[in-house]
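Here are the chains, one letter per residue:
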Amino acid sequence: ETGVTQSPTHLIKTRGQQVTLRCSSQSGHNTVSWYQQALGQGPQFIFQYYREEENGRGNFPPRFSGLQFPNYSSELNVNALELDDSALYLCASSPGGSGANVLTFGAGSRLTVL
Amino acid sequence: GENVEQHPSTLSVQEGDSAVIKCTYSDSASNYFPWYKQELGKRPQLIIDIRSNVGEKKDQRIAVTLNKTAKHFSLHITETQPEDSAVYFCAASTRGSGGSNYKLTFGKGTLLTVNP
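Computed from a prediction, not measured in an experiment: that's the story for all the values here. (Residues numbered from 1 in each chain as written. Chains lettered and ligands numbered in written order. Predicted model: local features only at pLDDT ≥ 70, side-chain atom pairs only at ≥ 80, totals over all residues. Heavy atoms only, no water.)

1. Observations regarding the state of the cysteines
Inference 1: Evaluation of the coordinates by the stated rule reveals two disulfides over all chains.
Inference 2: Put simply, Cys23 of chain A and Cys91 of chain A are joined by a disulfide, and their sulfur atoms are 1.9 Å apart. The sign of the S-S torsion, about -65 degrees, decides the handedness of the disulfide formed by Cys23 of chain A and Cys91 of chain A: left-handed. You can see Cys23 of chain A sitting in strand 3 (residues 19-24) and its partner Cys91 of chain A sitting in strand 9 (residues 87-94), a full 68 residues away along the chain. Across the pair, exposure class does not vary: Cys23 of chain A and Cys91 of chain A are buried alike.
Inference 3: A sulfur-sulfur distance of 1.9 Å marks the disulfide that ties Cys23 of chain B to Cys90 of chain B. What sets the handedness of the Cys23 of chain B and Cys90 of chain B disulfide is the S-S torsion sign, and at about -100 degrees it is left-handed. You can see Cys23 of chain B sitting in strand 3 (residues 19-25) and its partner Cys90 of chain B sitting in strand 9 (residues 86-95), a full 67 residues away along the chain. Pair check on accessibility: Cys23 of chain B and Cys90 of chain B agree, each one buried. (Disulfide = S-S within 2.5 Å. Helix = DSSP H or I, 4+ residues; strand = E, 2+ residues; numbered from the N terminus. Buried < 20%, exposed > 50% of the residue type's maximum accessible area, 1.4 Å probe, protein only.)

Set out below in structure tokens:
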């Protein structure tokens, strides 16, 4: 059984650029959630994907978007990057049903926006 | 929406002592309360969780208590060891909009330092 893997682990972008982060869910998990963790803060919910559709969204602007693929992997896209987007982006997968809120996190992608 | 407050923000104990971290939540519909441990530069790892139909749960040196009436829950670590040093996050889970998804709302974290 493999865990949640994310890529890239670190990246640096400049303001206004676009970024795509990738996530492979744990074997047997069909739900993927994305969280943003700013330095010294708890993770904040961005959105969740289930059956290739966005299934709930936190308080993030539309320039944050995502995809889920038939193999349950997922992408997070952020357009028009701002300095405040610098953070650790965590992907978490979970099984469906009653275990949908039991999250297994990946190691994250650390984004720095200059 | 849900709001989770966590205290203290930092906690320093001597090896062998107990550590207690407390959280309060605002949404009475929240029904699942996990605790995550995050070591520096690593992923959050689930260490224990409790559902709203249970008042207490224990796993070796770690226990969690839940008071639904007061809307607070606590993490208790006994016989602390240096390897327990990490940031601990509490969270509360609610159904998001549409009723079919689950989001976790996290506290701001507690930096626990266990001194040898």
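2. Remarks on the sheet that holds strand 1 (residues 5-7) of chain A
Residue and element names in this part refer to chain A.
Inference 1: Read across the sheet, four strands follow the order 1-3-8-7 without closing on themselves; strand pairing throughout is antiparallel. Across the chains shown, the open sheet's two edge strands, defined by having one partner strand only, are strand 1 and strand 7 (64-68). With strand direction ignored, the average angle separating the axes of adjacent strands in the sheet is 20 degrees.
Inference 2: Bridging between strand 1 and strand 3 involves three bridges; their strand directions are antiparallel. (Pairing = 2+ DSSP bridges. Axes fitted to C-alpha atoms, helices over the stretch in contact; angles between N-to-C directions.)

3. Quick word on the pairing of strand 2 (residues 10-14) of chain B
Residues and elements named next belong to chain B.
Inference 1: Alternating residues of strand 2 divide into Leu11 and Val13, all buried, and Thr10, Ser12 and Gln14, none buried.
Inference 2: Here strand 2 pairs with strand 11 (residues 110-115) via five bridges, running parallel. For Val13, the partnering residue across the bridge sits in strand 11 and is Val114.

4. Brief notes about the pattern of salt bridges
Inference 1: Enumeration over the complete set of coordinates arrives at six salt bridges over all chains.
Inference 2: Of the charged contacts in the structure, one is a salt bridge between Arg63 of chain A and Glu82 of chain A, with a shortest N-O distance of 3.3 Å. Of the two residues, Arg63 of chain A is situated in the loop between strand 6 (53-57) and strand 7 and Glu82 of chain A in the loop between strand 8 (74-78) and strand 9; the sequence distance between them amounts to 19 residues.
Inference 3: Classification of Arg63 of chain A as buried rests on a relative accessible area of 17%.
Inference 4: For the salt bridge of Asp49 of chain B with Lys57 of chain B, the shortest nitrogen-to-oxygen distance reads 2.9 Å.
Inference 5: Looking at Asp49 of chain B, the relative accessible area reads 15%, which means it is buried.
Inference 6: When its relative accessible area of 38% is taken as the criterion, Lys57 of chain B is described as partly exposed.
Inference 7: Sharing partners across several salt bridges, the network here consists of Arg63, Glu82 and Asp85 of chain A. (Salt bridge = Lys/Arg side-chain N within 4 Å of Asp/Glu carboxyl O.)

5. Digging into the packing of aromatic side chains
Inference 1: Under the counting rule described, the total for this entry stands at 13 aromatic pairs over all chains.
Inference 2: Pairing Tyr35 of chain A with Phe45 of chain A gives two aromatic rings, centres 5.6 Å apart and planes at 65 degrees, and the pair type is edge-to-face. Pair noted here: Tyr35 of chain A is in strand 4 (residues 31-37) and Phe45 of chain A is in strand 5 (residues 44-50), with a separation of 10 residues, a long-range link. Taken individually, Tyr35 of chain A and Phe45 of chain A each receive the classification buried, so the pair is uniform in this respect.
Inference 3: Centre to centre, the rings of Phe105 of chain A and Phe106 of chain B are 6.2 Å apart; their planes meet at 65 degrees, and the pair counts as edge-to-face. Taken together, the residues Phe105 of chain A in strand 10 (residues 104-105) and Phe106 of chain B in strand 10 (residues 102-106) connect one chain to another. Like Phe105 of chain A, the residue Phe106 of chain B is buried in the burial classification.
Inference 4: Members of the aromatic cluster, each reached through a chain of ring pairs, are Tyr35, Phe45 and Phe105 of chain A together with Tyr36, Phe89 and Phe106 of chain B. (Phe/Tyr/Trp six-rings, centres within 6.5 Å; stacked < 30°, edge-to-face > 60°.)

6. What to know about the nonpolar core
Among soluble globular proteins, nonpolar side chains are generally buried collectively.
Inference 1: Membership of the largest hydrophobic core comes to 23 residues, with the highest contact counts inside it found for Trp35, Phe73, Leu75 and Leu112 of chain B.
Inference 2: Looking at this core, the elements with two or more residues in it are strand 2, strand 3, strand 4 (32-38), strand 5 (45-51), strand 7 (62-67), strand 8 (72-77), strand 9 and strand 11 of chain B.
Inference 3: Sequence-distant contacts of Leu112 of chain B, defined by excluding residues within four places in its chain, comprise Leu11, Val13, Ala19, Ile77, Asp84, Ser85, Ala86 and Tyr88 of chain B.
Inference 4: Ranked by size, the runner-up nonpolar core spans 20 residues in total, among them Ile46, Tyr49, Leu76 and Cys91 of chain A. (Core = buried A, V, L, I, M, F, W, Y, C linked by side-chain atoms within 4.5 Å. Contact = heavy atoms within 4.5 Å.)

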